[in-house]
Amino acid sequence: MSVRERVGVRSGELARWRENLEGWRVGRAWATNGVLCLLGVGLLWLARQFVAEHAHYRIGFSGVSGWADVLYVASVVMVLTQPVNRATVWIVLGFAVAFRVATLRAEPFLSTDIYRYVWDGMVQHAHISPYRYVPGDTALGFLRARHPEIFNNINRRFYAHTIYPPVAEMIYWVVTCFSQSVRGMKVAMFGFECVTAGALMALLRLMGRRATDVLLYAWCPLLVWEIGGAGHVDAAIMAFVALAMLFRYREQPVWTGVFLGLAVMTKFYPLVLLPALWRRRDDGFPDWKMPVAVAGVCAVGYAAYASVGWRVFGFLGGYAKEEGIDSGARFFLLDFAQRRLGWTWMSENEYLVLCVVVFAAIVVWAWRHACGEQLGMGARISRPGYAMAATMLAFALMLEFSPHYPWYIVWLVPLFAVMPSVPVLAYLMAFFYLFTTALAVPGEKMFLLDERMYGVVIIALAAGWAWRRWNLWRYFDVRGVEERAQ
C-alpha cells in the first residue's frame, strides 16, 4: 500500500472516530444530567440541614460543610469534563434556586450584619444620614421603639458608626422602600445573585464556553450559607464585578468603570481589579475612560453623603484596630514568618512594604497580560487575559490580607467561574470547611486553621503546576481523547 493510500485510510479512520466521539458526547449527556441531579439533591438536603443544625444538632456545621465541599467539587468536575445538553442548564439553575429558597425563610444566625443593613435603610427613610449616629444614640430612640427586633440584633450598636460605603447605603435605602425586614433584604440579595448568574452566562457564551459552567458559581455552598443564609451585601459586589467583567469583554470601558465603581463603593477591595480591567487603545496607550468612570462613581457616592464630613468613612478606622489590621496581628503570613521561620525582626511595617512590592509586581504582570489569552483548569479553552489577571489580583489580596470571615472571600466565586483554577477552588473549599470547625476561634486555634488552609493552597498550586506541565487535562476532557487518536 502506497503512502498516499495509507494516509487516506488513516484519514477515514479518524473521521469515523470523530463521528463516534460526537455521538458519544451527545448520547452521554443524559448520564451527566442524571449524576448532576443526584448531586443536586444531596446539596439541597445539606442546605436544609444547614438551617436545621442551628436548632437541632445532627452532623454539625462542619459535617454539613465538609460533605457540601465533596459534592460541589464532584459537580464542578462533572460539568467541566462531561458532555451536556440544553436540559443541563435548567438542572443547574433549578437546583441553584432551590438551594437559596431552602435558606431564605431562616433567620440569620452565623452573622447579624444584615440587621445593620435594615437599620441603615430605616435611618435614611427618617431623613437622617446613617453615618451621623451610632444605633444606640438617643437621637434614634424613636426607631428603637418602633423596631426593637432589628435594633437588638445589631452588632456594635452602642459604639460603632456604620462602616459601609455609599452605594451599599443606597442599596439599603432602596430595599427598605419595599420591605423593612430581614427577609426582604435577603430577597434583594437573591436578586443580585440572579443578576450575577445572568451576567456570567452571557460572558461564558461570549468566551465560547458552555453556559452550564455557571454551576461553578450557582452551586457553590459558600454562597448558599453566606448569601442565602446570612444575606450579606457581598451579593451586590459579585453582581457588579460580573457586569464589569462582561462589559470589559465587550470593550465598553465606560460601563466597565461604572460597575467596577459601584462594586468599590459597596466594599472597597474590588478596587484591586482596576489594573486587570483597564484596557489599552489600539495605539497602545491606556484608555482613561474606565478609571475616570470609576472615580466619577466614587465622587458622586461620597458627595451624596457629604453632609456629615469625615464621618462618611464611618467605623473604618475602628474596625481596622478591632480586627488587628493596624497592629499586624491579622496577617497570617506575618505571624507565620515570626513563629515558624523565626523572623522576629520582621515588623508589621516591613511586612506591609513587602506586600506592596509583591502586589506591585502582580499589578505589572496583570497589566501586561490583560489583553492576552491564558489557559484554565480542565479544558483548553482560550480566555481573555484580563480574566486571569483579575483572578490573580483578587486571590493575591485575600492571601495577603488573610480574612477571618467567610463572606469576605465570596467575590472570588464568580471570578473562579470565569477562570477555573485548582488553587482558587482549594482555597474556597478549605476556607468554607475550616471556618465551621472548632479551630475557628481567634488566637492560637485560628493560627492552626490558617496553617492548614494555606498548606492546602500550596499543595493545590503544586498540583496545578503538574496539571499544566504534563497536560493532564487530556485524560479528563473528551477533546483530549480525539487528540490522542491523532
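Residues numbered from 1 in each chain as written. Predicted model: local features only at pLDDT ≥ 70, side-chain atom pairs only at ≥ 80, totals over all residues. Heavy atoms only, no water.

### Structural notes on the overall build of the protein
Under the convention used in this document: In this description a helix means any DSSP run of H or I spanning at least four residues, a strand means any run of E spanning at least two, and both kinds are numbered starting from the N terminus. Throughout, exposure labels follow a simple rule: accessible area from a 1.4 Å probe, protein chains only, divided by the maximum for the residue type, with under 20% read as buried, over 50% as exposed, and the rest as partly exposed. Here, two residues are considered to be in contact whenever any of their heavy atoms come within 4.5 Å of each other. Per-residue accessibility takes into account occlusion by the displayed protein chains alone, with areas from the Shrake-Rupley method and a 1.4 Å probe.
Scanning the protein from N- to C-terminus turns up 23 helices and two strands. Put simply, the protein has 486 residues, and 53% of those count as buried. At a minimum sequence separation of 6, the contacts of the protein that also span at least 24 residues come to 73%. Surface accessibility of the protein: about 21,900 Å² in total, with carbon and sulfur atoms responsible for 64%.

### Structural notes on the packing of aromatic side chains
Quick reminder of the rule: Classification of ring pairs rests on two measures: the distance between centres of Phe, Tyr or Trp rings, Trp counted by its six-membered ring, which must be within 6.5 Å, and the angle between planes, read as stacked under 30 degrees, edge-to-face over 60 and tilted in between.
Taken as a whole and judged by the stated rule, the model has 36 aromatic pairs. Arranged with centres 5.8 Å apart and planes meeting at 75°, the rings of Phe-95 and Trp-219 form a pair that is edge-to-face. Linking Phe-95 in helix 4 (residues 86-104) with Trp-219 in the loop between helix 10 (215-218) and helix 11 (221-229), this pair joins segments that are 124 residues apart in sequence. Taking the relative accessible area as the measure of exposure, Phe-95 reaches 16% and is therefore buried. With a centroid separation of 5.4 Å and an interplanar angle of 65°, the aromatic rings of Phe-395 and Tyr-427 are classed as edge-to-face. Residue Phe-395 is found in helix 19 (residues 385-401), and its partner Tyr-427 is found in helix 21 (residues 422-434); the two are separated by 32 residues along the sequence.

### Notes on the nonpolar core
Condition: Residue types Ala, Val, Leu, Ile, Met, Phe, Trp, Tyr and Cys, when buried and joined through side-chain atoms within 4.5 Å, form a set referred to as a nonpolar core.
Core analysis: the biggest nonpolar cluster contains 147 residues, and Trp-219, Met-245, Trp-411, Leu-412 and Tyr-427 have the highest contact counts within it. Residue contributions to this core peak at 13 residues, all from helix 12 (residues 234-249). When residues no more than four places from it in sequence are discounted, the contact partners of Leu-412 are Ala-394, Phe-395, Met-398, Tyr-427 and Leu-428.

### Things to note about the environment of Gly-309
Residue position: Gly-309 is located in the loop between helix 15 (289-304) and helix 16 (316-322). Sequence separation between Gly-309 and Arg-132 is 177 residues, and the spatial gap between their C-alpha atoms is 9.4 Å.

### Brief notes about the confidence of the model for the protein
The following threshold applies: Every residue carries a pLDDT, the predictor's confidence in it, which falls somewhere between 0 and 100.
Residues of the protein with pLDDT of at least 70 account for 86%, and the chain-wide mean is 86. The weakest mean pLDDT in the protein belongs to helix 23 (residues 478-485) at 37; the strongest belongs to helix 10 at 98. Long-range and interchain partners of residues 13-26, a stretch whose pLDDT sits below 50, account for 14 contacts in this model, where long-range means more than four residues apart. When the criterion is pLDDT under 50, residues 372-383 qualifies, and its contacts beyond four places in sequence or with other chains add up to 40 contacts.

### Considering the pattern of salt bridges
Using the following cut-off: For salt bridges, the criterion is a side-chain nitrogen of Lys or Arg within 4 Å of an Asp or Glu carboxyl oxygen.
Across all of its chains, the model carries eight salt bridges by this definition. Of the charged contacts in the structure, one is a salt bridge between Arg-279 and Asp-287, with a shortest N-O distance of 3.1 Å. Summarising the burial analysis for this pair, Arg-279 and Asp-287 share the class buried. Salt-bridge contacts for Glu-451 lead to Arg-340; the nearest nitrogen and oxygen are separated by 2.6 Å. With Glu-451 in helix 22 (residues 444-469) and Arg-340 in the loop between helix 17 (332-339) and helix 18 (348-369), this residue pair connects regions lying 111 residues apart in the sequence. Each member of the salt-bridge network shares a partner with another, and the members are Glu-251, Arg-279 and Asp-287.

### Quick look at the side chain of Ser-65
Put simply, the test is: Pairing of N or O atoms within 3.5 Å defines a polar contact, subject to two protein rules: one partner must be a possible hydrogen donor and the other a possible acceptor, and residues neighboring in sequence count only if both atoms are side-chain atoms.
If you trace the backbone, Ser-65 turns up in helix 3 (residues 60-81). A polar side-chain atom of Ser-65 sits 2.7 Å from a polar atom in the side chain of Thr-436. The residues contacting Ser-65, other than those within four sequence positions of it, are Trp-225, Phe-432, Tyr-433 and Thr-436.

### Topic: helix 15
Going by this rule: Given the number of residues in a helix, its expected span is that number minus one, multiplied by 1.5 Å. What the arc describes is the spread of directions from the helix axis to the C-beta atoms.
Its 16 residues give helix 15 an end-to-end C-alpha distance of 23 Å, which sits within 8% of 22 Å, the value for a rise of 1.5 Å per residue. For helix 15, every residue scored as buried is listed here: Met-290, Pro-291, Ala-293, Val-294, Val-297, Cys-298, Gly-301 and Tyr-302. Burial along helix 15 is one-sided: seen end-on, the buried residues are contained in an arc of 160°. Exposed residues on helix 15 whose side chains face more than 90 degrees from its buried face are Val-292, Val-300, Ala-303 and Ala-304.

### A look at the side chain of Asp-69
Applicable threshold: Asp and Glu are treated as the negative residues and Lys and Arg as the positive ones, with His and the ends of the chain left uncounted.
Structurally, Asp-69 is set in helix 3. Of the side chains bearing the opposite charge, Arg-100 lies closest to the buried Asp-69, which forms no salt bridge; the N-O distance is 13 Å. Residues in contact with Asp-69, not counting those within four places in the same chain, are Pro-221, Met-429, Phe-432 and Tyr-433.

### What about the environment of Arg-58?
For Arg-58, the location among the structural elements is in the loop between helix 2 (29-55) and helix 3. By relative accessible area, Arg-58 is classed as exposed at 56%. Residue contacts for Arg-58: discarding those within four places in its chain leaves Trp-45, Gln-49 and Glu-53.

### So, the packing of helix 9 (residues 182-206) against helix 11
Here is the rule: Every angle, taken between N-to-C directions, lies between 0 and 180 degrees, and every axis is a line fitted to C-alpha atoms, over only the stretch in contact when it is a helix. Should an angle fall under 35 degrees it is taken as roughly parallel, and over 145 as roughly antiparallel, whereas 65 to 115 is taken as roughly perpendicular and any remaining angle as oblique. Here the term charged refers only to Asp, Glu, Lys and Arg, the term nonpolar to Ala, Val, Leu, Ile, Met, Phe, Trp, Tyr, Cys and Pro, and the term polar to all other amino acids, Gly among them.
At a minimum axis distance of 9 Å, the contact between helix 9 and helix 11 shows a crossing angle of 135°. Classified by the interaxial angle, the pair formed by helix 9 and helix 11 is oblique. Here Lys-186, Met-189 and Glu-193 of helix 9 lie close against helix 11, whose contacting residues are Leu-223, Ile-227, Gly-228 and Gly-229. Broken down by class, the residue content of the contact of helix 9 with helix 11 amounts to three nonpolar, two polar and two charged.

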